[in-house]
6 protein chains.
Amino acid sequence: MPFTYLNPGKPTTFKDRHVTKVAETVRTYEEGLKGEVGLIGLPSSKSSISLSMAANAPITIRTALQSFSTYEASTRRDFKGMTVLDFGDTPIHPTSVEETLERLHVSVLEMLEEEACERYVLLGGDHGVSYPAIHAFQKKYGTVGVLQWDAHHDVRNLEDGGRTNGTPFRSLIDGGLLAGSHLVQIGIRDYSNAKAYDDYCQKNNIHVYTMDDVEEQGIIPLVQKEITRLAEQVDMMYLSVDMDAVDQAHAPGCPAIGPGGLTSRELLTSVRIAAKHHKVKAIDIVEVDPSKDMRDMTSRLAAHTMMRFMYR
Amino acid sequence: MPFTYLNPGKPTTFKDRHVTKVAETVRTYEEGLKGEVGLIGLPSSKSSISLSMAANAPITIRTALQSFSTYEASTRRDFKGMTVLDFGDTPIHPTSVEETLERLHVSVLEMLEEEACERYVLLGGDHGVSYPAIHAFQKKYGTVGVLQWDAHHDVRNLEDGGRTNGTPFRSLIDGGLLAGSHLVQIGIRDYSNAKAYDDYCQKNNIHVYTMDDVEEQGIIPLVQKEITRLAEQVDMMYLSVDMDAVDQAHAPGCPAIGPGGLTSRELLTSVRIAAKHHKVKAIDIVEVDPSKDMRDMTSRLAAHTMMRFMYR
Amino acid sequence: MPFTYLNPGKPTTFKDRHVTKVAETVRTYEEGLKGEVGLIGLPSSKSSISLSMAANAPITIRTALQSFSTYEASTRRDFKGMTVLDFGDTPIHPTSVEETLERLHVSVLEMLEEEACERYVLLGGDHGVSYPAIHAFQKKYGTVGVLQWDAHHDVRNLEDGGRTNGTPFRSLIDGGLLAGSHLVQIGIRDYSNAKAYDDYCQKNNIHVYTMDDVEEQGIIPLVQKEITRLAEQVDMMYLSVDMDAVDQAHAPGCPAIGPGGLTSRELLTSVRIAAKHHKVKAIDIVEVDPSKDMRDMTSRLAAHTMMRFMYR
Amino acid sequence: MPFTYLNPGKPTTFKDRHVTKVAETVRTYEEGLKGEVGLIGLPSSKSSISLSMAANAPITIRTALQSFSTYEASTRRDFKGMTVLDFGDTPIHPTSVEETLERLHVSVLEMLEEEACERYVLLGGDHGVSYPAIHAFQKKYGTVGVLQWDAHHDVRNLEDGGRTNGTPFRSLIDGGLLAGSHLVQIGIRDYSNAKAYDDYCQKNNIHVYTMDDVEEQGIIPLVQKEITRLAEQVDMMYLSVDMDAVDQAHAPGCPAIGPGGLTSRELLTSVRIAAKHHKVKAIDIVEVDPSKDMRDMTSRLAAHTMMRFMYR
Amino acid sequence: MPFTYLNPGKPTTFKDRHVTKVAETVRTYEEGLKGEVGLIGLPSSKSSISLSMAANAPITIRTALQSFSTYEASTRRDFKGMTVLDFGDTPIHPTSVEETLERLHVSVLEMLEEEACERYVLLGGDHGVSYPAIHAFQKKYGTVGVLQWDAHHDVRNLEDGGRTNGTPFRSLIDGGLLAGSHLVQIGIRDYSNAKAYDDYCQKNNIHVYTMDDVEEQGIIPLVQKEITRLAEQVDMMYLSVDMDAVDQAHAPGCPAIGPGGLTSRELLTSVRIAAKHHKVKAIDIVEVDPSKDMRDMTSRLAAHTMMRFMYR
Amino acid sequence: MPFTYLNPGKPTTFKDRHVTKVAETVRTYEEGLKGEVGLIGLPSSKSSISLSMAANAPITIRTALQSFSTYEASTRRDFKGMTVLDFGDTPIHPTSVEETLERLHVSVLEMLEEEACERYVLLGGDHGVSYPAIHAFQKKYGTVGVLQWDAHHDVRNLEDGGRTNGTPFRSLIDGGLLAGSHLVQIGIRDYSNAKAYDDYCQKNNIHVYTMDDVEEQGIIPLVQKEITRLAEQVDMMYLSVDMDAVDQAHAPGCPAIGPGGLTSRELLTSVRIAAKHHKVKAIDIVEVDPSKDMRDMTSRLAAHTMMRFMYR
Ligand SMILES: [Ca+2]
Ligand SMILES: [Ca+2]
Ligand SMILES: [Ca+2]
Ligand SMILES: [Ca+2]
Ligand SMILES: [Ca+2]
Ligand SMILES: [Ca+2]
Ligand SMILES: [Ca+2]
Ligand SMILES: [Ca+2]
Ligand SMILES: [Ca+2]
Ligand SMILES: [Ca+2]
Ligand SMILES: [Ca+2]
Ligand SMILES: [Ca+2]
């Protein structure tokens, strides 16, 4: 290039020679590349019961990675050498939710078949994406255990509205893809669920922790206990983080916000604990609707959650 | 009631004895009732190409009717005696756009079959609702002519995404439900369409008026000319107002905003002219997304447009 | 009705057969009806010292009840069978605060005289509504004890501005309607009050707990202690929740926000503890100004507070 | 002062030696001072029918004067030598609207009695301030003629709500302080008034111009005609600018916004024409609610309106 | 790639086979490439007198190109074949404005030296970028004529604050790089300038058109006249569009907004007229601050302005 | 004055005779005056790496002082007798950061030379102001110890961008104005710094406490320990509060927000503890950008922080 300052096609934000932004460690996937973490966007939110723009979250969360660095001050470790391979976003169908679910499933499975990465980050989208995603992991890895941070059970019936964002775990369990006892729900909130679905959870032996349980037992011991239990029963563990498990003051950008939820610190430390186990292979982060957010706070929290997962 | 001031179930906003709000003239439909205007909500926007919350517009537009009165100062006429029968909103399906389109069609048709009203106001939703709605009018009334205020042709192909909000007039014409020459498009904007679709319009003899045409000919003469022409060729006329025909400064709450569009005054006076013809039986108002609006300006403009149609 | 999908006059939001929204348990009061909880709106905020739109809160809080269900996950109890009778909103006078206060008092008293409910929820408006409301309870029930969550004492002099939202408890005590020792104030904040009014509280033996007291003693023991004490001294207890007791991060929609206040969890658990006592008959929730709020967070918190009171 | 850069008590915004901001020509009134224009704030909006924060407008409009200079490019005239004397804001009473109206009246009258200025700018507050203000001018100057820019007649009955912001001209006419024929209303909007009040205007010979009249006759000829007529009939003329005469796209910060109103240019040029007449002694600018505005656009327009009045 | 749907590194927005977005015609510059239009970002706004984030505009304007297509409906021409070469953004210095101005100048000059394009679009940044940019064109092309759309003269003295965004044309004229008579200013607003600077314009024979001139003469005849005149006197013409020439209702995202400016249509049609002349080689678009904008309206208007320039 | 209510030049907000607002205790500095606390504004933010409007914070923080009173309820102490002398804001240079830094340094030093106050509050601006400010204190008082609340080390190299807001403590240490061991950093956050700068801190013996350290040790013991240590080593202590040490939920108005930070309570109680020591003479509060804030929450927190410092 014959230019003194210009550098066409490259970003021109200020560069401090000693700082590596997380975004700088993300590389577009090409055949043959290997990396620690695979990243995929699942920009689907038309299956949401309430109108949602969560499909835009992969953009804002990736952008948030430009604001954070690879250095973990608390442990004095730098992760600038870790490669994140970005498989891009699955193109969704404008009018067919069924077609979209199929595309999500095929895309996650094909990503896994590349066997390019050790672990995976999946960015929703609404919670409906977890069904095709976990299904893909089940095909590839075998028995899956799931830790779900959520204010809601997400085991609604399918008759009233089809495969909405309120049904992914019902679909997985009823479809025999996930055992009830291999599902752990953390942060279930009062006045946000129905008795019939709590009964379903009990009947299927889903391990449910309400916010009262979290306050009484502490989120860290609780997560440690369940990780240890699951580790003996499953081939891999999958973390499914519905951001509405977090209090509205800390995650204002979720479609279904409310008071009395987790703090940011409780989410981040519990994900950190869980991610340390080597059988934890994947995390999805869902229900972030950037159009409802303030200053992208919820996307920033999602990015931090990613780092807590990746930098174990 | 034993209460001095309380009146359970009734609104308690300030009441001036001499003022009738438009909302006060709206009555819930019951079998056997008759009224000049029928009102129906078509809260469907999952067929939008871009993420849209236009499905919430029937709520905000109805609310705007609480802010306006029945008195038309310019003509010194009071319409407080006109009854608007509200048929409610069509319940949509959370995950199946096909099912939603069917419900919209059946609901509009069943409303017409009641033969309770002379004219109809249909509140979208995105522009996708015009296909099932016009189809219903065609079944009931015969040959339909359509005046479409829009920045876009909305005659996209169906292969790339199914029946989105970019396809209603393509579906009508290709389905033989509407003759191309019976469709008039007003306010088509530069850099907002594709040559292939302009060619489609030409081939089908759709009468297209760009913003340049509006500026040169004036919107009132243009509308008068087309109304007169259509009146001789069709059994009824239907006005389809995509609010994005209006400039972004005047209708900031549309999903696809841009500069260089109609002013509010141009929209309102042209709808007034068109609505005067007795063959004009219906209007739909679409593509108002309250989540993107400022102070419900676009819903207020939609309400004014309703009054220009109703109070002819 | 001859309609397949339409249902005029009924809401068309998505319905899951197993979920009961709190709003679905609210029924418009008619003579002769009985219910556990009576609900009334007191949309008065012109008495506020600073300009306030808190009068709009009964609308937004009632709307928030549409987002929450009757199922309390932490205790596995469903309250779908509890009837809430809605007495509507008291119409206020546009220009006379005195007339408005009279209407509020008469309306609350007339509601109580119906003897239709066991307990009552009163939605402000500003804190000025507590004076006419508590006065009505005092007439009906006898000696009243009050727990007030508030950053402020609200015992200002009346000479400087009349009966503003800063004076309700002064008016009650000076008027002999409430004994100072029967008033408990929780969450009084630094830099938000005056020495003269703290002195007034001391002199009248009001039990004052600052935020430092809350941090040191814990809000639950503190509330339990005072409830136990009051139970022996009064005929009924009334909870008065000024939402500005809560930190600005958790209740951003109050007119007088600031840092260093209660968390949402502290408010909710302390109201839950207090509401368990059978002598607690009423709660008012005041100082929520929806025009200043973000995503109706403060109205959502108010709704949760209602449920903590109702579902004891 | 011993400081090189600091200048305690003085603003530190950037100063270009050749630019005089309008705010720099505003001087706090002290006894004995003389100036061309007197400025007073009337921060009253508790008499508004809908909840309003228009009482804050004197602050934001004065602030807007810091953004504009004294130089009128179109006429090549500099008004940096014109002194504006600021009499401050009238303190309002928190809970008594009657007391507030009395204070406004007394304050405007006392300002006039100082005989310090030739002309006056009065900043509302809501339109209720025009009654006590015009009453004061009538006492001081004799027969008053009023040009009112407004979407509304503001001649409501007083029985339904007392002296609200919807009644000032009714109070003036019924009180014999203003002849109906000396009142000119410009910009009256459809669907924003009641037949009974239009009838009242006709009966009292108020000269009413609807938006249709403005479009057909042009606002400048219309204003010139009425100014000429009134000049022969009255001792002084008073301009009363309710900013909601302007379209919602141009004045988004009014409590009662809607489409189909005046553009900013139409307001500014018509005020300029009117202000040229030497009998025009005063202007009030009302119904700007900064809490509803965007980027203080409506306050900026109010400031421009002030300059069009002052710099004749 | 072994993927059915995924396409790493590529955007996944909905693609209609017949629509070409303007953004799709933009190609990153590489040595040897040729294209009709060169595009460069000049993200500098630290020289602004008031705090400005206009440096972010190149991002939002480029993004807006994704929302508009290459088809010009009014002339039935498709510009999908026109290549826009993107030279990227000039990296600015965080703390040295002088260094930033040098980098801007060098970068524009080096772009021109590539001789890869016929015409150029430069995206600010604040108006300070026009000085180094026009200087570069003067070096490359010889005598330059400038049409400046602006509410302000921008010929401030340099003593009071250095090379701010209020000084670019002063610097050019005093530096002998631009003759006063070769500068045309359109849209100069009342109360937005100083007499001393108007005098400077007169003395230097700058052709100044105020908003009154625009209203009286019409913007199209005015621009045509000046283009014709300049064409005989200069080697090339440069359009400098300060977006604050446009009214605050149409361009709400400028740092210095106010009423009484151009409409969007007036801006767009006048740029179209000017751009038709073959000597018009460049346009800069400045003073768009995305942080102050609403729904990126001002960036969308900037994008339309680009198309009016490019698609002549 | 001949006025009954008017009081030109004085504020007209509601006045309760028993309440003293903090703003009422602030007096413009004049030579010879003495006061407990000196207040100065340092409105500089052009040195920020990211675009910042933190220069506007002195205005919004001073305004927040109008909302808070002098009474500290928790300790039952009234500080209405404490005089705060306001030295005003340092005028900054529009285009030269070097000149601005010089002005800041001279101004702080000249304020100290007045010897009018015992302690000082400095309001930024970005963190770049701490370098010239601490330099001034070092000149006046001798050896300085600094407690820095911050998510970031702020010891970046100066080669990549000059004296930005990321460099103040590097400049102080490298310039020999501050010993590394006299600097304590509290609240350092993960993924927000670089290894090279952590290494710099270690090498220079800066005492660094990450958020993990805060959670484990508790912020109060930690601060007490360091205050005690420093008291023996330095002549004075200076508190530097970068508001981004606080979590995004509690301080949403900082340029660089993120989750996992301090709560408001943690900030306020730790500043209170530190301020009690008599060697603590000054506090700066920086990185509050009002344009990014919500309801001035962050400015309100800054004001509370001031009071915690002043009212020791
Ligand atoms: Ca979920
Ligand atoms: Ca959930
Ligand atoms: Ca359309
Ligand atoms: Ca359209
Ligand atoms: Ca209170
Ligand atoms: Ca309070
Ligand atoms: Ca009015
Ligand atoms: Ca009005
Ligand atoms: Ca300029
Ligand atoms: Ca300008
Ligand atoms: Ca810092
Ligand atoms: Ca920092």
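For the structure itself, look to the data block above.
The rules behind the values
Residues numbered from 1 in each chain as written. Chains lettered and ligands numbered in written order. Predicted model: local features only at pLDDT ≥ 70, side-chain atom pairs only at ≥ 80, totals over all residues. Heavy atoms only, no water. Disulfide = S-S within 2.5 Å. Least-squares fit on C-alpha atoms with pLDDT ≥ 70 in both. Pairing = 2+ DSSP bridges. Helix = DSSP H or I, 4+ residues; strand = E, 2+ residues; numbered from the N terminus. Axes fitted to C-alpha atoms, helices over the stretch in contact; angles between N-to-C directions. Contact = heavy atoms within 4.5 Å. Donors = N, O, S within 2.8 Å, 3.2 Å for Na, K, Ca; no water. Parallel < 35°, antiparallel > 145°, perpendicular 65-115°, else oblique. Left-handed = near helix turned anticlockwise from the far one by under 90°. Nonpolar A, V, L, I, M, F, W, Y, C, P; charged D, E, K, R; others polar. Buried area = accessible area lost by both parts, 1.4 Å probe. Salt bridge = Lys/Arg side-chain N within 4 Å of Asp/Glu carboxyl O. Polar contact = N/O pair within 3.5 Å; in protein donor to acceptor, adjacent residues only side chain to side chain. 1 Å grid on protein atoms, 1.4 Å probe; cavity = no way out; pocket = protein on both sides within 12 Å on 5 of 7 lines; lining within 4 Å. Points joined across faces, edges and corners; volume = space filled by probe spheres on them.

(A) Region of interest: the state of the cysteines. Counted by the stated rule, this structure contains zero disulfides over all chains. Looking at the unpaired cysteine 254 of chain E, the closest cysteine sulfur is the one in cysteine 201 of chain E, lying at 20 Å.

(B) Local environment of the relation of the copies chain A and chain C. Each copy superposes on the other: chain A lies on chain C with an RMSD of 0.0 Å after a rotation of 120° and an axial shift of 0.0 Å. The relationship between the two copies is best expressed as a three-fold rotation axis. Using C-alpha coordinates, one finds that chain A approaches the rotation axis most closely at alanine 249 of chain A, a distance of 3.5 Å.

(C) Representation of the sheet that holds strand S8 (residues 183-188) of chain C in the model. Residue and element names in this part refer to chain C. The parallel open sheet is built from nine strands, whose spatial order is S1-S5-S2-S6-S11-S10-S7-S8-S9. Among the strands making up the open sheet, the edge pair consists of strand S1 (26-28) and strand S9 (207-210). Pairwise comparison of adjacent strand axes, ignoring direction, gives a mean angle of 20° for this sheet. The sheet contact formed by strand S2 (residues 35-42) and strand S5 (residues 84-89) spans four bridges and is parallel. Paired with valine 37 across the strands is valine 84, a residue of S5. Helix H7 (residues 219-233) rests against strand S7 (144-149), S8, S9, strand S10 (236-242) and strand S11 (280-286) of the sheet, and its axis sits at about 165° to S7.

(D) Structural context of the coordination of the calcium ion (ligand 11). Residues and elements named next belong to chain F. Coordination of the calcium ion (ligand 11) by the protein involves His127 (ND1), Asp150 (OD), Asp150 (OD), Asp154 (OD) and Asp242 (OD), with metal-donor separations of 2.0 to 3.2 Å. On the primary sequence, the residues serving as donors to the calcium ion (ligand 11) are separated as H-x22-D-x3-D-x87-D. Here the calcium ion (ligand 11) and the calcium ion (ligand 12) are spaced 3.2 Å apart, and both take aspartate 150 as a donor. You can see aspartate 150 sitting in the loop between strand S7 (144-149) and helix H4 (168-174) and its partner aspartate 242 sitting in strand S10 (residues 236-242), a full 92 residues away along the chain.

(E) Molecular detail of the sheet that holds strand S8 (residues 183-188) of chain F. All names here are of chain F. Strand order in the open sheet formed by nine strands is S1-S5-S2-S6-S11-S10-S7-S8-S9, and the pairing between neighbours is parallel. Because the sheet does not close on itself, it has two edges, and the strands there are strand S1 (26-28) and strand S9 (207-210). For this sheet, the mean inter-axis angle between neighbouring strands, taken without regard to orientation, is 20°. One ladder, built from three bridges, connects S1 with strand S5 (residues 84-89); its direction is parallel. Paired with arginine 27 across the bridge in S5 is leucine 85.

(F) Quick peek at the packing of helix H7 (residues 219-233) of chain E against helix H8 (residues 264-275) of chain E. All names here are of chain E. Relative to each other, H7 and H8 sit at 25°, their axes nearing to 9 Å. By the criterion of interaxial angle, the relationship of H7 to H8 is roughly parallel. Regarding H7 and H8, the two cross each other, and that crossing is right-handed. Here H7 contributes Ile219, Ile220, Val223, Gln224 and Ile227 to the contact with H8, which in turn contributes Glu266, Thr269, Ser270, Ile273 and Ala274. In terms of residue class, the contact of H7 with H8 is built from six nonpolar, three polar and one charged.

(G) Spatial organisation of the interface of chain E and chain B. Each partner contributes to the interface: chain E provides 29 residues, whereas chain B provides 39 residues. For chain E, the biggest contributors to the area lost against chain B are Tyr71, Arg265 and Arg295 of chain E; these three give 25% of the whole. Where chain E touches chain B, the interface holds eight salt bridges. The salt bridge partner of arginine 156 of chain B is aspartate 16 of chain E, with a shortest N-O separation of 2.9 Å. Linking chain E with chain B are 23 residue pairs in polar contact (both at pLDDT 80 or more), by the criterion used here. Mapped by element, the contributors of at least two residues to the side of chain E that touches chain B are strand S3 (71-72), H8 and helix H9 (297-310) of chain E. When residues in the side of chain E that touches chain B are grouped by element, the largest group, six residues, is from H9 of chain E. A breakdown of the residues in the side of chain E that touches chain B according to their chemical character gives 12 nonpolar, six polar and 11 charged.

(H) View of the layout of surface pockets. In this structure, the second largest pocket encloses a volume near 940 Å³. Looking at the second largest pocket, it is lined by 39 residues, and the ones nearest its centre are Glu215 and Thr263 of chain A together with Thr263, Arg265 and Glu266 of chain C. Residue contributions to the lining of the second largest pocket peak at six residues, all from helix H8 (residues 264-275) of chain C.

(I) Summary view of the side chain of asparagine 193 of chain E. Here asparagine 193 of chain E is to be found in the loop between strand S8 (183-188) and helix H5 (195-203). A polar contact is formed between the side chain of asparagine 193 of chain E and the backbone oxygen of alanine 151 of chain E, at a distance of 3.0 Å. A polar side-chain atom of asparagine 193 of chain E sits 3.3 Å from the main-chain carbonyl oxygen of arginine 189 of chain E. In this structure asparagine 193 of chain E touches Ser69 and Tyr71 of chain D together with Ala151, His152, His153 and Ile188 of chain E, once residues within four positions along its chain are discounted.

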